[in-house]
Amino acid sequence: MCGIAGYVGNKEALSILINGLSKLEYRGYDSAGISIICDGNIKTVKKKGRISVLEEFVKNDKINGHIGIGHTRWATHGEPSDKNSHPHTNTDGSISIVHNGIIENYIKLRDDLISKGYKFLSDTDTEVVVHLLDYYYKKDKNIKDAVFSTLNQIEGTYALGIICKDYPDTLIAARKGSPLIIGVGENENFIASDVPAILNYTKKIYLLDDGEVALINKDLILIYDKNKNEVKKDIFEVTWDMESAEKGGFEHFMLKEIFDQPKAIKDTLLGRLKNDYINLDEIKIDKQILENINRVYIVACGTAYHAGLMGKKFIESLCGIPVITDVASEFRYNNPIIDNKTLLIVLSQSGETADTLAAVRLAKEKGARILGVVNTVGSSIAREADDLLYTLAGLEIAVASTKAYTSQVVSMYLLANLFALELGKISKNDFENVKLTLEKLPGYIEDILKESDKIEKLSKEYINIKNVFYIGRGLDYFICKEGSLKLKEVSYLYSEAYPAGELKHGPIALLQEDSLVIGIATCENTMEKLVSNLQECKARGSKILSITTENNNIIKKVADNIIYIPYAGEFITPILANIPLQLFAYYMAINLGRDVDKPRNLAKSVTVE
Ligand code: G6P
């Protein structure tokens, strides 16, 4: 994900910026750039690729200066390229900015600015900010006022670093929704999107709050709230070392990414849920196209396939369109029936999985329309799809996918609702409820995450368990499949997921006293049947753990332990049930001493068939 570093002081800014950016490399990025005020002018260098590519370019340039901003970009709007890299400058090069976050109303702002004569050089949402700032600076004649006027026009999220040729001693920072800190040094100050970028220089920081703007000189830091009133802040002393700082204080990336989920969902929904429609501007499938489609396939691998199973159920239930879901490696060799009336929906975190990509190419060759649900901007699948839905989960580092999965499921739910609205299958009232529930989803996940200590403690009770069966019905069964995969991946315990009613047709023979059966119980219409299935397991001596909604009393009859989650409706509650399963898999792996971030034999991106 994008990273920001900024410096003002007596030292040469270039090496400090490069050093700061390189400490943010672990977050992943596709391009890097810097702007420095050098001999009274802003000099900007930005390059697609690694920081080493940027370093090579600046090596022989004499970019000497004591104030500057730097950025590593992880593409969201516009492919990775030199022109889309940050910093972005105004037309005469007198103002330069770096930005993390998403400007939601950038299309409208861009159109307004174009009508005022501004020319855009990139495909990014960020570029509107620098031109808007230029516009207000020419009007207000004061950079602080111009920054506030600009921010008043922006909807969405931002962490901004700004330099202006007319203010050669002042670094400007602003924040709303994306993290930004100010590092406090001796005769020098810093800005950064994350602590590692400044840890080599200082451990004293100010944490900017939403709506705040800071004007930073080498020996003075002025912070203003959104009403331009000066605010006094306490200095925060960083106590972490570098490694834990990169993981945001979490012990493993997997745990960090589990806790990233409320933000990943917020980002995935940002700007997409409108009053009576869903804004997915890279999907051009209207009623006429939908009515012309004779077959829908959802194809993916691994965890993404499990998100696809949820998607099948959403589309079938909400739109009444039958959907075939398949794993990509099977789909390709099963002689799938594809023509120009086929819609192929593919899900992929990386956008590079070999089998999924090959499925895209095969279906395309036969005339199908391809809709990609992808996390990595500019990836092969993103480029080759006809319609695109970015999951915006952010960079996922741990091999076991967590936040990408949740964002994929939420994206499939958005897609199903989009189609249902187009087809007139759901009313505005129904959609209002969908919207309200989705808006509450990040908060519900936060509530479950607050219980992580209890799940950790609970996992210790199962240290001697030899095999784990996950059972559920309906959507809960698909959640079981993902829960079981997660446990296998990181703990190496033997595990199976079964539709609860199917257990007695074979797997029940494996149940013994050292078996754990996890019953996912959110589907109300099959609750009694699930309880009976759990009774059958209990009768064979197995331990029973259930994940269910608050007030489910019937499950108490059979479960030894229960993890409660909030009720959020038929389609969203199962998504919530997945969160304790991720935590359970993580803590079981920790109990067994596994290397959770790099499980044996597994790869994050599988680019071979
Ligand atoms: C690998 C990863 C999984 C992922 C699967 C599909 O197996 O370990 O976490 O779900 O590939 O990857 P994709 O990038 O296409 O979602």
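Draft legend 1. View of the overall build of the protein chain. Assigned secondary structure in the protein chain consists of 19 helices and 24 strands. The C-alpha radius of gyration computed for the protein chain amounts to 26 Å, which stays within 12% of the reference 25 Å derived for 609 residues, consistent with globular compactness. Burial analysis of the protein chain (609 residues in total) assigns 59% to the buried set. For the protein chain, the proportion of contacts with a sequence separation of at least 24, taken over those separated by at least 6, is 71%. Entry remark: accessible area of the protein chain is about 24300 Å², with carbon and sulfur atoms responsible for 46%. With 73 positive and 82 negative side-chain charges, the protein chain shows a spacing of 1 Å between the two charge centroids.

Draft legend 2. Quick peek at the sheet that holds strand β24 (residues 561-565). If you trace the five strands from one edge of the open sheet to the other, you get β21-β20-β22-β23-β24, paired in parallel fashion. Pairing within the sheet leaves two strands with one partner each, and these edge strands are β21 (494-499) and β24. Going across the sheet, the axis of each strand differs from the next one's by a mean of 15°, ignoring polarity. With respect to the sheet, helix α17 (residues 475-491) is in contact with β20 (467-472), β21 and β22 (515-521), its orientation differing from that of β21 by roughly 175°.

Draft legend 3. Fine view of the pairing of strand β3 (residues 41-48). Pairing between strand β2 (residues 31-38) and β3: eight bridges, direction antiparallel. Bridging across to β3, Ser35 finds its partner in Thr44. Connecting β2 to the next strand, β3, in antiparallel fashion are two residues, including Asp39 with a positive phi near 50°.

Draft legend 4. Spatial organisation of the sheet that holds strand β16 (residues 323-327). Here five strands make up an open sheet; going across it, the order is β16-β15-β17-β18-β19 and the pairing parallel. In this open sheet, the two edge strands, each paired with only one partner strand, are β16 and β19 (387-390). Averaged over all pairs of adjacent strands, the angle between their axes in this sheet comes to 20°, without regard to strand direction. Looking at chain direction, strand β17 (residues 342-348) and strand β18 (residues 369-374) are connected through six bridges and run parallel. When the sheet's bridge partners are listed, Val346 is paired in β18 with Gly372. On the sheet, helix α14 (residues 403-422) packs against β15 (295-300), β17, β18 and β19 and is oriented at approximately 155° with respect to β17.

Draft legend 5. Spatial organisation of the pairing of strand β10 (residues 188-192). The buried count for β10 comes to five of five residues, which makes it a mostly enclosed element. Across the two faces of β10 the burial is the same, with Glu188, Phe190 and Ala192 and Asn189 and Ile191 all buried. With five bridges connecting them, strand β1 (residues 3-9) and β10 associate as antiparallel partners. What sits directly across from Gly9, in β10, is Glu188. Pairing analysis gives four bridges linking strand β9 (residues 181-184) to β10, with the strands arranged antiparallel. In the sheet register, Gly183 faces β10, and the bridge partner there is Phe190. Linking two consecutive strands that pair antiparallel, namely β9 and β10, is a turn of three residues; a positive phi of about 55° is found at Asn187 within it.

Draft legend 6. Broad picture of the site of the ligand. Taken together, 13 residues form the shell around the ligand, and within it Ser348, Gln349, Ser350, Thr353 and Ala603 come nearest. Here an oxygen atom of the ligand sits 2.5 Å away from a polar atom, N or O, in the side chain of Thr353. Across the complex, the protein chains shield 90% of the 390 Å² of accessible surface that the ligand would expose by itself. Among the elements that take part in the shell around the ligand, helix α10 (residues 302-319) stands out by supplying three residues, more than any other. Partitioning the shell around the ligand into residue classes produces five nonpolar, seven polar and one charged.

Draft legend 7. Inspection of the nonpolar core at higher detail. Core analysis: the largest hydrophobic core is formed by 95 residues, its most contacted members being Ile345, Leu438 and Phe584. The element that contributes the greatest number of residues to this core is helix α19 (residues 569-591), accounting for 14 residues. If you count residues domain by domain, this core takes at least three from each of domain 2 (246-449) and domain 3 (452-591). Beyond its immediate stretch of four places on either side in the chain, Ile345 contacts Val296, Tyr297, Ile298, Val299, Ile315, Leu371, Val373, Met412 and Leu415.

Draft legend 8. Quick peek at the domain arrangement of the protein chain. Each assigned domain of the protein chain is listed with its residue range as follows: domain 1 (3-244), domain 2 (246-449) and domain 3 (452-591). Centre-to-centre, using C-alpha coordinates, domain 1 lies 32 Å away from domain 2. Taken residue by residue, the interface counts 18 residues in domain 1 and 19 residues in domain 2. For the domain 1 and domain 2 pair, buried surface summed over both sides reaches about 1500 Å², with 63% attributable to carbon and sulfur atoms.

Draft legend 9. How the structure looks around the packing of helix α16 (residues 452-460) against α19. Viewed as axis vectors pointing N to C, α16 and α19 meet at an angle of 50°, and their least axial separation amounts to 9 Å. Viewed along their axes, α16 and α19 adopt a mutual orientation that is oblique. Crossing geometry of α16 relative to α19 is assigned as right-handed. Judged by residue contacts, Ser452, Ile455, Glu456, Ser459 and Lys460 of α16 engage Pro580, Leu583, Phe584, Tyr587, Met588 and Asn591 from α19. Considered class by class, the residues forming the contact of α16 with α19 number six nonpolar, three polar and two charged.

Draft legend 10. Spotlight on the environment of Tyr462. Relative to the helices and strands, Tyr462 is located in the loop between α16 and β20. Spatially, the C-alpha atom of Tyr462 lies 8.0 Å from that of Met588, the residues being 126 residues apart in sequence. Sequence-distant contacts of Tyr462, defined by excluding residues within four places in its chain, comprise Leu516, Lys543, Ile544, Leu545, Asn561, Phe584 and Met588. A polar contact of 2.9 Å, which involves the side chain of Tyr462, links it to the side chain of Asn561.

Draft legend 11. View of the pattern of salt bridges. Overall, the coordinates contain 29 salt bridges when judged by the stated rule. For Glu237, the salt bridge is made with Lys204, and the minimal N-O distance between the two is 3.9 Å. Of the two residues, Glu237 sits in strand β14 (residues 236-237) while Lys204 sits in strand β11 (residues 204-207), which places them 33 residues apart along the sequence. By relative accessible area, which is 45% here, Glu237 ends up partly exposed.

Draft legend 12. Region of interest: helix α4 (residues 127-140). In a regular helix each residue adds 1.5 Å, so 14 residues correspond to 20 Å; α4 covers 20 Å between its end C-alpha atoms and thus fits that length. Counted residue by residue, α4 has ten buried out of 14 residues, so it is predominantly covered. All of the buried residues along α4 are Glu127, Val128, Val129, Val130, His131, Leu132, Leu133, Asp134, Tyr136 and Tyr137. For α4, the elements touching its buried residues are β5 (88-89), β6 (95-100), α3 (106-115), α5 (143-153) and β7 (158-164).

Cut-offs and rules
Position labels on residues start from 1 in each chain and follow its written sequence. Thresholds applied to this predicted model are a pLDDT of at least 70 for local features of residues and 80 or more for the giving and counting of side-chain atom pairs; totals over whole chains, interfaces and linings are not thresholded and use all residues. As a rule here, side-chain values come from all non-hydrogen atoms in the structure, and water together with hydrogens is ignored. Numbering of helices and strands runs from the N terminus, with a helix taken as a DSSP run of H or I at least four residues long and a strand as a DSSP run of E at least two residues long. Radius of gyration here is computed from C-alpha atoms only, and the compact-globule reference equals 2.2 Å multiplied by the residue count raised to the power 0.38. Each residue is assigned to one of three classes by its accessible area relative to the maximum for its type, calculated with a 1.4 Å probe on protein chains only: buried under 20%, partly exposed between the two thresholds, exposed over 50%. Should any heavy atoms of two residues lie within 4.5 Å, those residues are considered in contact. Shrake-Rupley sampling with a 1.4 Å probe provides the accessible areas, and residues are treated as covered by the protein chains on show and by no other component. Just so you know, the count uses Lys and Arg for positive and Asp and Glu for negative, and it drops His and the chain ends. Every charge is mapped to an atom, namely NZ of Lys, CZ of Arg, CG of Asp or CD of Glu. Only strands that DSSP links by at least two bridges are regarded as paired with each other. Geometry is summarised by axes, namely lines fitted to C-alpha atoms with helices restricted to the contacting stretch, and by angles between N-to-C directions that run from 0 to 180 degrees. Whether a residue is near a molecule or strand depends on its heavy atoms: if one lies within 4 Å, it is near. Any pair of N or O atoms that falls within 3.5 Å is considered a polar contact. Within protein, one atom must be able to donate a hydrogen and the other to accept it, and sequence-neighbouring residues count only if both atoms are side-chain atoms. Three classes are used, and their members are as follows: Ala, Val, Leu, Ile, Met, Phe, Trp, Tyr, Cys and Pro are nonpolar, Asp, Glu, Lys and Arg are charged, and the others, Gly among them, are polar. Remark: nonpolar core denotes a set of buried residues (Ala, Val, Leu, Ile, Met, Phe, Trp, Tyr, Cys) joined through side-chain atoms within 4.5 Å. For the purposes of this description, domain bounds are those given by an automatic or database domain assignment. Summed over both partners, the accessible area (1.4 Å probe) lost when two parts come together is defined as the buried area. Throughout, the term roughly parallel applies to angles under 35 degrees, roughly antiparallel to angles over 145, roughly perpendicular to angles from 65 to 115, and oblique to all others. Handedness of a crossing follows from how the near helix is turned relative to the far one, being left-handed for an anticlockwise turn of less than a right angle and right-handed for a clockwise one. A carboxyl oxygen of Asp or Glu within 4 Å of a side-chain nitrogen of Lys or Arg is what we treat as a salt bridge. Helix span is expected to be 1.5 Å times the residue number reduced by one.

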